[in-house]
Amino acid sequence: MFSKILIANRGEIAVRIIKTARRMGIRTVVVHSDADAGSMAVEMADEAIHIGPSPAAESYLVQDKIVEAVRRSGAEAVHPGFGFLSENPVFARRLEAEGIAFIGPNPHAIEAMGDKITSKKFAAQAGVSTVPGYMGLIESDEHAIQIANEIGYPVMIKASAGGGGKGIRVAHSDADMAEGFSAVKAEALTAFGDDRVFLEKFIIDPRHIEIQVLGDKHGTIVSLFDRECSIQRRNQKVIEEAPSPLLDDATRKAMSEQAVALARAVNYDSAGTVEFVAGQDRSFFFLEMNTRLQVEHPVTELITGVDLVEQMIRSAAGEVMAFGQDNLKIDGWAIESRIYAEDPYRGFLPSIGRLVRYDQPEEGQQDGYVVRNDSGVREGDEISMFYDPMIAKLNTWAPTRIAAIDGMKRALEDTHLQGVGHNVPFLAAVMDQERFRSGQLSTSYIKDEFPDGFKGATPDRRRTDILIATAAAMNEIITEQSGDPSDRTDWIILIDRDAHGVSLGYDEEEALTLDLAGEDRALQLSDIDWRPGLAQFRAVLDHEPFTAEVARIADGFSIRTGATRARVRVLTPRMAELFARLPEKQAADTSKLIQSPMPGLVVSIAVTVGQEVKAGETVAVIEAMKMQNILKAERDGVVKAVGAKAGDPVAADDVLVEFA
């Protein structure tokens, strides 16, 4: 077994690998860029080596720097994590030539299956059913359009060396193909150093299901069953679960056997994932094989009890796998929510900045569920524009799917973030949706359920009760601690502009009771855990625990419970009567402005002052976190002013172009 390994990665996966290595008694070395000099991974590792500037192309993707760091540290092996050099056969062969173990599959398997074009050809030759597509060299936009018409729209444009949802677009027309082909090539070159792309038929209403495989260097290959990864946005997974609610035993067995057969055909060793696109009728087609550890591997670990990072290390060290297929079984259900620094209210665009507050849920066994939180950042860390915006992977396990979902709802409530936009309210909204809870999923789920984008959620009865009880209790606590307690028991609770009359009291157990006017029912609030200044309000409402995110504002409270955020005021009846007469504030008119939807760098400004622009024409391109966002004119107009140029850094809502 190795005594020291080097981790050629960053963020949460570097932290994840360090944790397993520590348990195994293996010392760790991490490499880091300028941006990651003070990172959690650097703090946790036994050694840290600086390898260059913040852009990945100048640090994490530079093989010479990684190899030199191995030599300097005396590490015996390299774990590449995911992304960066994890699926690069040239890197794996170079390490092999240097006498350094690669904690991943052999170079032949990476080459055969890691490249998306080669893997599809290989799978077809091996008799695995594949999605119709074109795997050859595509020479130009015109060539791409010709191929797309032969395949038939809609067509998916994918980077051959892609991964992590980067370098993927769906074209529904020749115009989409012309624009998308160039954009994918540019994104692929930036993210992976390889601008080759391929085209394949986009399956309508598909599901994304994958099989985790694991092999050693002695011919043993097993399936660790399936994961459902259909909840995606911009082709990047957001919520995953294991096992899939779609599959029956027969389909699960067939899919696993096909994945193992494909892995066996290339003498696969280490952890890998065979991905399938599945129809709602349980038909499935090979999509690609990821010859590395997957982001979503924790859900598989939770239902099998197998530490995949440990098994990768043992395989790389030449050990024989200590178990076989007959020793593996599915135990319970696991859900993973990817917490991203992104703004769901702005189309999930990346958000960068300092993580001012980060309260995490308690890990381990809870009341009927288990929590696991894989994170690579701490309170005070900077979310950089140079890398993926992931903050954490929040996982829950329970004996049943519904119990795991309910556990996730509680874990998300116990997660509090400030300083950057984040998608926790969106994740909470999905957990509440009946469609998700019933398992009726597809890769178009987000588009189907949120066609106009995410705007938060209208509170149901339970969420409304939480808003009322939380605001009333906070008001009582504040007045008592201010030394000016009120004898008043009758209040009007305004949730935005909806009024709810309450009468407060205390029962024999000193729980706060709230009689709801006109509803012939009362609420009981107990076990209150809050004091002024805390950002989370914890209590038990009608015997069910909850956590709400709270803040005091000018004339009341801002309270978020799940996906619902509301301005809540506690007023006397007379004040409520007067408040109802106030006019509502009108939003500013921004219809003549093109504003940056996210912080980032201006790639290009396509218009000049005085230019006539038609609706739908590209006006600007903004890039952040390896993603390009194309901004188009929403209506015809003449350019009055241009507020930025290529290369300028911009913040969210900065005005790029103004129309007359």
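An account of the accompanying structure is given in this report. Please read these numbers as outputs of a predicted model, since none were measured by experiment.

So, helix H11 (residues 308-316)
Burial analysis of H11 places eight of its nine residues in the buried class, the great majority of the element. Taken residue by residue, H11 has Leu-308, Val-309, Glu-310, Gln-311, Met-312, Ile-313, Ser-315 and Ala-316 as its buried positions. The N-cap residue of H11 is Asp-307: its side-chain oxygen and the backbone nitrogen of Val-309 are 3.0 Å apart. Count one or two residues on from H11 and you reach Gly-318, which has phi positive near 90°.

What about the pairing of strand S21 (residues 370-375)?
Taken across its six residues, S21 has six buried, putting it largely inside the fold. Taking every second residue as pointing to the same face, both faces of S21 are buried, with Val-370, Arg-372 and Asp-374 on one and Val-371, Asn-373 and Ser-375 on the other. As defined by bridge partners, strand S20 (residues 364-365) adjoins S21 across two bridges and the pair is classed as antiparallel. The residue bridging Gly-364 from the neighbouring strand is Val-371, located in S21.

Overview of the sheet that holds strand S37 (residues 627-632)
Spatial ordering of the open sheet is given by S37-S36-S34-S39, a layout of four strands whose pairing is antiparallel. Only two strands of the sheet have a single neighbouring strand rather than two, namely S37 and strand S39 (649-650). Pairing geometry for strand S34 (residues 600-605) and strand S36 (residues 618-624), over four bridges, is antiparallel. Paired with Leu-601 across the strands is Glu-623, a residue of S36.

Remarks on the pairing of strand S38 (residues 637-642)
Bridge analysis of strand S35 (residues 612-613) against S38 gives two bridges, and the strand direction is antiparallel. Bridged to Val-613 within S38 is Gly-637.

With respect to the sheet that holds strand S11 (residues 221-233)
Spatially, the nine strands line up as an open sheet ordered S14-S13-S10-S11-S12-S15-S23-S21-S20, and their pairing is antiparallel. Of all strands in the sheet, those with a lone pairing partner are strand S14 (284-290) and S20, marking the two edges. Note: strand S12 (residues 236-242) against strand S15 (residues 333-340), four bridges, orientation antiparallel. Among the inter-strand pairings, Glu-240 is bridged to a residue of S15, identified as Glu-336. Each of strand S10 (207-215), S11 and strand S13 (270-278) touches H11; the most contacted strand, S10, lies at about 40° to it.

Here's the deal with the packing of aromatic side chains
One pass over the full model with this rule turns up twelve aromatic pairs. Ring plane angle 45° and centroid distance 5.1 Å describe the contact between Tyr-345 and Phe-454, whose orientation is recorded as tilted. Of this pair, Tyr-345 sits in the loop between strand S16 (342-343) and strand S17 (349-350) while Phe-454 sits in the loop between helix H15 (445-449) and helix H16 (461-481), and the two are 109 residues apart along the sequence. When the ring centre of Tyr-340 is taken as reference, the NZ or CZ atom of Arg-233 above it lies at 4.6 Å. Residue placement shows Arg-401 over the ring face of Phe-436; its charged tip is 5.0 Å from the ring centre.

Quick look at the packing of helix H7 (residues 141-151) against helix H8 (residues 174-192)
Running from N to C, H7 and H8 cross one another at 130°; their axes reach a closest spacing of 9 Å. Classified by the angle between their axes, H7 and H8 sit oblique to one another. The hand of the H7/H8 crossing is right-handed. Here Asp-141, Ala-144, Ile-145, Ala-148 and Asn-149 of H7 come into contact with H8, specifically with Asp-174, Met-177, Ala-178, Phe-181 and Ser-182.

Overview of unusual backbone geometry
Residues other than glycine predominantly adopt negative phi, and peptide bonds predominantly adopt the trans conformation. With an omega dihedral of 0°, the bond running from Tyr-153 to Pro-154 counts as a cis peptide bond. Residue placement: Pro-154 occurs in the loop between H7 and strand S7 (155-163). Phi is positive for Asp-496, close to 55°, though the residue is something other than glycine. Structurally, Asp-496 can be placed in the loop between strand S25 (490-495) and strand S26 (498-506).

Some details on the environment of Glu-98
Turning to its location among the elements, Glu-98 is positioned in the loop between helix H4 (89-97) and strand S5 (101-102). Looking at Glu-98, the relative accessible area reads 33%, which means it is partly exposed. Taking the C-alpha atoms as reference points, Glu-98 and Val-67, separated by 31 residues in sequence, lie 8.5 Å from one another. Not counting residues up to four positions away in its chain, the partners in contact with Glu-98 are Val-67 and Arg-71.

Brief notes about H4
The set of residues buried in H4 consists of Pro-89, Phe-91, Ala-92 and Leu-95. Each buried residue of H4 sits inside an arc of 160° when the element is viewed along its axis, so together they form one side. With respect to the buried face of H4, the exposed residues turned more than 90 degrees away are Val-90 and Ala-97. For H4, the N-terminal capping position is held by Asn-88, with its side-chain oxygen 2.9 Å away from the main-chain nitrogen of Val-90. One or two steps after H4, the chain reaches Gly-99, where phi turns positive at roughly 75°.

Cut-off values and rules
Residues numbered from 1 in each chain as written. Predicted model: local features only at pLDDT ≥ 70, side-chain atom pairs only at ≥ 80, totals over all residues. Heavy atoms only, no water. Buried < 20%, exposed > 50% of the residue type's maximum accessible area, 1.4 Å probe, protein only. Helix = DSSP H or I, 4+ residues; strand = E, 2+ residues; numbered from the N terminus. Polar contact = N/O pair within 3.5 Å; in protein donor to acceptor, adjacent residues only side chain to side chain. Pairing = 2+ DSSP bridges. Contact = heavy atoms within 4.5 Å. Axes fitted to C-alpha atoms, helices over the stretch in contact; angles between N-to-C directions. Phe/Tyr/Trp six-rings, centres within 6.5 Å; stacked < 30°, edge-to-face > 60°. Lys NZ or Arg CZ within 6 Å of the ring centre and 35° of its normal. Parallel < 35°, antiparallel > 145°, perpendicular 65-115°, else oblique. Left-handed = near helix turned anticlockwise from the far one by under 90°. Arc of directions from axis to C-beta.

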